[in-house]
Amino acid sequence: MEDAVKAGKLRSIGVANFEQPDIDSLLGGCTVRPVVNQLLVHISNTPHELITYSEEKGMKV
């Protein structure tokens, strides 16, 4: 995916359902940071801490 961004074939990278350890692992070795973390969020499942953490790392939720 990073090669596709660098080649201009993609504008950005996103991930889905990444938890904090997954985010840390990814950011520790990537050269193109993901801009989105797509999460399952609804009235009975709102992971506030994960949303905040994702946003602190520069990812929209």
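Before going into details, it helps to say that this report is about the structure given with it. For every chain, the first residue of the written sequence is number 1, and numbering continues from 1 onward in sequence order. Under the rules for a predicted model, residues below a pLDDT of 70 receive no local features and side-chain atom pairs below 80 are neither given nor counted, while totals for whole chains, interfaces and linings still include all residues. Side-chain metrics rest on all non-hydrogen atoms present in the structure, leaving aside hydrogens and water.

Focus: the nonpolar core
By nonpolar core we mean a set of buried residues, namely Ala, Val, Leu, Ile, Met, Phe, Trp, Tyr and Cys, connected to one another through side-chain atoms within 4.5 Å. Burial here depends on accessible area, computed with a 1.4 Å probe over protein chains only, as a share of the maximum for the residue type. Under 20% is buried, over 50% is exposed, and the range in between is partly exposed. By size, the foremost hydrophobic cluster in this structure holds nine residues: Val15, Ile23, Leu27, Cys30, Leu39, Leu50, Ile51, Tyr53 and Met59. By the criteria applied, helices consist of DSSP H or I runs no shorter than four residues and strands consist of E runs no shorter than two, each listed in order from the N terminus. For this core, the elements supplying multiple residues, two or more each, are α2 (20-29) and α3 (48-56). Per-element accounting of this core gives the leading share, three residues, to α3. Contacts are assigned to residue pairs with any non-hydrogen atoms lying within 4.5 Å of each other. Other than its neighbours up to four places away in sequence, methionine 59 contacts Val15, Ile23, Pro34, Val35, Val36, Asn37 and Ser54.

Observations concerning unusual backbone geometry
One non-glycine residue, asparagine 17, lies in positive phi territory at about 60°. Summarising the element assignment, asparagine 17 is placed in the loop between β1 (14-16) and α2. Its relative accessible area of 48% is what places asparagine 17 among the partly exposed residues.

Description of the side chain of serine 54
Following the sequence through the fold, serine 54 ends up in helix α3. Within polar-contact distance, the side chain of serine 54 engages the side chain of asparagine 37 at 3.1 Å. With sequence-adjacent residues up to four places away left out, serine 54 is seen in contact with Ile23, Asn37, Met59 and Val61. Counted as a polar contact is a pair of N or O atoms within 3.5 Å, where, for protein atoms, one must be capable of donating a hydrogen and the other of accepting one, and residues adjacent in sequence contribute only when both atoms are in side chains.

A word on the packing of α2 against α3
Whenever a helix is involved, its axis is fitted only over the stretch in contact; in every case the axis is a line through C-alpha atoms, and angles between N-to-C directions fall within 0 to 180 degrees. Interhelical geometry of α2 versus α3 gives an angle of 15° and a closest axis separation of 10 Å. Taken together, the axis directions place α2 and α3 in an arrangement best described as roughly parallel. Considering the relative orientation of α2 and α3, their crossing is right-handed. Side by side, α2 and α3 meet where Gln20, Ile23 and Asp24 of the first sit next to Leu50, Tyr53 and Ser54 of the second. In what follows, roughly perpendicular refers to angles from 65 to 115 degrees, roughly parallel to angles under 35, roughly antiparallel to angles over 145, and oblique to any angle outside these ranges. Each crossing is labelled by how the near helix is turned from the far one, with a counterclockwise turn of less than a right angle marking it left-handed and a clockwise turn marking it right-handed.

A few points about the environment of threonine 46
In this structure, threonine 46 sits in the loop between β2 (36-38) and α3. A relative accessible area of 31% means that threonine 46 is categorised as partly exposed. Ignoring any residue separated from it by four or fewer positions in sequence, one finds threonine 46 in contact with Val41 and Ile51. In this structure the side chain of threonine 46 is engaged in a polar contact, spanning 2.8 Å, whose partner is the backbone oxygen of histidine 42.

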